[in-house]
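What the coordinates show
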Amino acid sequence: MVYKKIIAGLGVATALGIAALPVAGTFAESANVDVTVNVGATIAISAASPAAVSMTPGQKTSSNAANITVSTNSAGGYKLTVKDADTNTALVNANGTIPAVSGALEAGTAGWNITGGDLVNVAISTEDQTVKTNTNSTHTAIANDVTAMTYNFATGDAQVTGEYKDTIVYTATAL
Amino acid sequence: MTKGRIKRVLAAFLVSVLSFGAIFINSNPVSAEDRPEIYLQVSPPTVQLGELKPGTTKTGDFLVQNIGTKDFDYKVYVVPFQVEGQEYNPVYSANNVYTQISKWITFDVDKGHLEPNGEQKVHYSIDIPADAPDGGEYASIMVETDSGNAENATIKTVSRVGIILYSHVGGVTNACGKILEKDAPSFLTQPPIFATSLVENCGNVDLTASYTLQVYPLFSNEEIYSTEETPDERITLPGTKRFNKISWDNAPAFGIYRVKQTIRFADKTEVLEKYVVICPIWLIIFIILFIGSIIFWLVMRHRSRKD
């Protein structure tokens, strides 16, 4: 009995579904209309900053990952690069600096670098360095391709107190 | 309820769940919350300006758009564009005979402010001097914005996109290109199937190289993969070599295939055809163990017969 009720319920649902389908049009005259949509080529970038980092002298830490997002419908894909915004690659405070240093950092020796994409513990430079190359091998639009970047810091044993900052530039160009 | 009836009920329930779920399979709504806050877009990303006539002015425009969820300020400027290495890493600071165009470009507006979903058309003029050098000229129009929400960040990031301009000044131009290398690996342990090449631009204007990859089964001429309709095209700048890799990312994990790469560059066409074997490592190990165990069994059987 229960089985019959279930079958009946499914049958009603199916009938309602068929009834909800668009009904074929009545006989009428029709004409072809050409519709054209031109889709322009674009490239977009979003470079998120990592959250501020708090440290004490003689410490080593890394920031949370901050995403670099790129979208493009360029058939060849894109290249993502990074460089320092000015000629001073150090984190700067009124009374001290933390220099950009490549390689593994050590607590007690001041230094900072970046990791993400093709870069591992690389010191920022005044010239653009390639972070990632996406050649769009599938020949489809690249939508919101994310590269997670982390920023590594180490403070000296006698690091002066204060806020140390730097500005860096991420650039996306079509290949 | 009998077992048969239970099965029929479960089958009907499964069908109804799948039908209901199918309504949502292709639904992939992207909410505004998924978009980054500061998201800068430009169109187009590259411009082929064609021939620049000395003593004349050429104009153009591009679109700057805010596709994020927060407003931002932006600025516009132009830098030289060259490349470094076979991987074609961009260099925006080189100053040579091919980057003089970066000094000829001015904009009607060089900064602005955009609300979310806002856009601004920027016009540029290129005043080509009468003594402009013959040959290619390359620059990148940069559109740059702040992250907008990171004033207190340790590392403040700036988002920048480059619009690459390709052009050449008429006069003595030399279109010279060479195909230096072409290759494909004969054995792979996993996809993709790929082919590589290296071309050289030995002239003074940019040239476009076109790459096509076709893959056939071992005993057939019917393509199972082809990029003939949408070949890879790569621009090469004068005095540079460019490496390229063309691939079939979704190739099967096992099999023997005939791979054909066609390269068209300058007035040359070269073709590479090669057989490629794909076999996962675990399968190789399994085959070796299997053959080894058969040999072991045959040896043991021979010995026992001897005894």
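Numbering of residues starts from 1 in each chain and follows the order in which that chain's sequence is written. The naming scheme follows written order: chains are lettered A onward, ligands numbered 1 onward. With pLDDT at 70 or above as the cut-off, local features in this predicted model cover only qualifying residues; side-chain atom pairs require 80 or more to be listed or tallied, and sums for whole chains, interfaces and linings still use all residues. To obtain the side-chain values, all non-hydrogen atoms of the structure were included, while hydrogens and water were left out.

**Quick look at the overall build of chain B**
Helical segments are the DSSP runs of H or I of at least four residues, strand segments are the runs of E of at least two, and each set is numbered from the N terminus. Of the regular secondary structure elements, chain B holds two helices and 20 strands. Whether a residue is buried, partly exposed or exposed follows from its accessible area with a 1.4 Å probe, protein chains only, as a fraction of its type maximum: under 20%, in between, or over 50%, in that order. Evaluated residue by residue, chain B yields a buried proportion of 43% over its 307 residues. When contacts within chain B are restricted to residue pairs at least 6 apart in sequence, those whose partners lie at least 24 apart make up 72%. We call two residues in contact whenever any of their non-hydrogen atoms come within 4.5 Å of each other.

**Some details on the side chain of threonine 145 of chain B**
With respect to the element layout, threonine 145 of chain B can be found in strand 10 (residues 135-146). Pairs of N or O atoms are called polar contacts if they sit within 3.5 Å, as long as, within protein, a hydrogen donor faces a hydrogen acceptor (for residues adjacent in sequence, only side-chain-to-side-chain pairs). At a separation of 2.5 Å, a polar atom in the side chain of threonine 145 of chain B contacts the main-chain carbonyl oxygen of aspartate 73 of chain B.

**Points about the pattern of salt bridges**
Residues and elements named next belong to chain B. The rule for a salt bridge is simple: a side-chain nitrogen of Lys or Arg has to be within 4 Å of a carboxyl oxygen of Asp or Glu. Counted according to the given criterion, the structure contains nine salt bridges over all chains. The shortest N-O distance in the salt bridge between glutamate 144 and lysine 75 comes to 3.7 Å. Note that glutamate 144 is positioned in strand 10 and lysine 75 in strand 4 (residues 72-80), a separation of 69 residues in sequence. Glutamate 144 sits in the buried class, given a relative accessible area of 12%.

**Looking at empty space enclosed by the protein**
Think of a 1 Å grid over just the protein atoms. A cavity is a set of points where a 1.4 Å probe fits yet cannot get out, a pocket is an open set with protein on both sides within 12 Å along at least five of seven lines, and lining residues have an atom within 4 Å of a point. Grid points are joined across faces, edges and corners, and a volume is the space filled by probe spheres set on the points. Tallied over the entire structure, the rule returns two cavities of 30 Å³ or more. By volume, the largest cavity is sized at about 120 Å³. Forming the boundary of the largest cavity are Lys79, Thr173, Ala174 and Leu175 of chain A together with Phe81, Val83, Tyr88, Pro90, Tyr166, Ile235, Leu237 and Arg242 of chain B. In this classification, the charged set is Asp, Glu, Lys and Arg, the nonpolar set is Ala, Val, Leu, Ile, Met, Phe, Trp, Tyr, Cys and Pro, and all remaining amino acids, among them Gly, are polar. Each residue belonging to the lining of the largest cavity can be placed in one class, and the counts come to nine nonpolar, one polar and two charged. By volume, the second largest cavity is sized at about 40 Å³.

**Looking at the sheet that holds strand 18 (residues 240-248) of chain B**
Residue and element names in this part refer to chain B. Strand pairing requires that DSSP identify at least two bridges connecting the strands. An order of 12-14-18 is seen for the three strands of this open sheet, with the pairing classed as antiparallel. Two strands lie at the open edges of the sheet, namely strand 12 (177-183) and strand 18, each paired on one side alone. Each neighbouring strand pair of the sheet contributes to a mean axis angle of 20°, computed without reference to strand direction. The pairing of strand 12 with strand 14 (residues 193-201) spans six bridges and is classified as antiparallel. Between N-to-C directions, angles span 0 to 180 degrees; the directions come from axes that are lines fitted to C-alpha atoms, helices contributing only their stretch in contact.

**Comments concerning the interface of chain A and chain B**
The interface of chain A with chain B comprises 47 residues on the first partner and 45 residues on the second. Summed over both partners, the accessible surface that disappears when two parts come together, traced with a 1.4 Å probe, is what is meant by buried area. Here chain A packs against chain B, burying approximately 3800 Å² in sum over the two surfaces, 54% of which is carbon and sulfur. Counting every contact that joins chain A to chain B gives one salt bridge. Notably, a salt bridge pairs arginine 160 of chain B with aspartate 128 of chain A, separated by 3.6 Å at the nearest N-O pair.

**Side note on the environment of glycine 171 of chain B**
Relative to the elements of secondary structure, glycine 171 of chain B occurs in the loop between strand 11 (155-169) and strand 12. Once the C-alpha coordinates of glycine 171 of chain B and threonine 69 of chain B are considered, the two residues, 102 residues apart in sequence, prove to be 48 Å apart.

**Describing the confidence of the model for chain B**
Regions with low pLDDT carry predicted coordinates that are not meant to be interpreted in detail. Residues and elements named next belong to chain B. Chain-level statistics for chain B give a pLDDT mean of 88 and a share of 87% at 70 or above. Ignoring residues within four places in sequence, the model shows residues 17-32, a span with pLDDT below 50, making one contact including any to other chains. Across the interface, the model reports ipTM at 0.82; the global pTM reads 0.81. You can read pLDDT as the predictor saying how much it trusts each residue, on a scale of 0 to 100.

**Quick word on the packing of aromatic side chains**
By convention here, two paired aromatic rings are described through the distance between centres and the angle between planes. Under the pairing criterion, centres of Phe, Tyr and Trp rings, with the six-membered ring standing for Trp, must be within 6.5 Å; the plane angle then separates stacked pairs below 30 degrees from edge-to-face pairs above 60, leaving the rest tilted. In the structure shown here, the tally under the stated rule is eight aromatic pairs over all chains. Judged by centre distance (6.4 Å) and plane angle (20°), the rings of tryptophan 112 of chain A and phenylalanine 153 of chain A are stacked. Pair noted here: tryptophan 112 of chain A is in strand 7 (residues 111-116) and phenylalanine 153 of chain A is in strand 10 (residues 142-154), with a separation of 41 residues, a long-range link. Neither tryptophan 112 of chain A nor phenylalanine 153 of chain A differs from the other in exposure class; each is buried. Taken together, a centroid distance of 6.4 Å and an interplanar angle of 85° make the contact between phenylalanine 62 of chain B and phenylalanine 107 of chain B edge-to-face.

**Details of the state of the cysteines**
Residues and elements named next belong to chain B. We call a pair of cysteine sulfur atoms a disulfide when they lie within 2.5 Å. By the definition in use, this model includes one disulfide over all chains. Here cysteine 176 engages in a disulfide with cysteine 202; their sulfurs sit 1.8 Å apart. For the disulfide bridge between cysteine 176 and cysteine 202, the dihedral angle about the S-S bond is near -75°, and by the sign convention the bridge is left-handed. Taken together, the residues cysteine 176 in the loop between strand 11 and strand 12 and cysteine 202 in the loop between strand 14 and strand 15 (207-217) connect sequence positions 26 residues apart. Residue cysteine 176 is classed as partly exposed on the basis of its relative accessible area, which comes to 22%. The class for cysteine 202 is partly exposed, based on a relative accessible area of 25%.

**Let's talk about a nonpolar patch on the surface**
All names here are of chain B. Each patch groups residues whose relative accessible area exceeds 30% and which form no salt bridge, using 9 Å between like charges and 5 Å between nonpolar side chains of Val, Leu, Ile, Met, Phe, Trp and Tyr. For every accessible area listed, the method is Shrake-Rupley and the probe measures 1.4 Å; residues are considered covered only by the protein chains on display. The grouping of Trp282, Phe286, Ile287, Phe290, Ile291, Ile294, Ile295, Phe296, Trp297, Leu298, Val299 and Met300 at the surface amounts to a nonpolar patch, some 1200 Å² of accessible area in total. Examined against the element boundaries, methionine 300 turns out to sit in helix 2 (residues 281-306). With relative accessibility at 39%, the residue methionine 300 sits in the partly exposed group.

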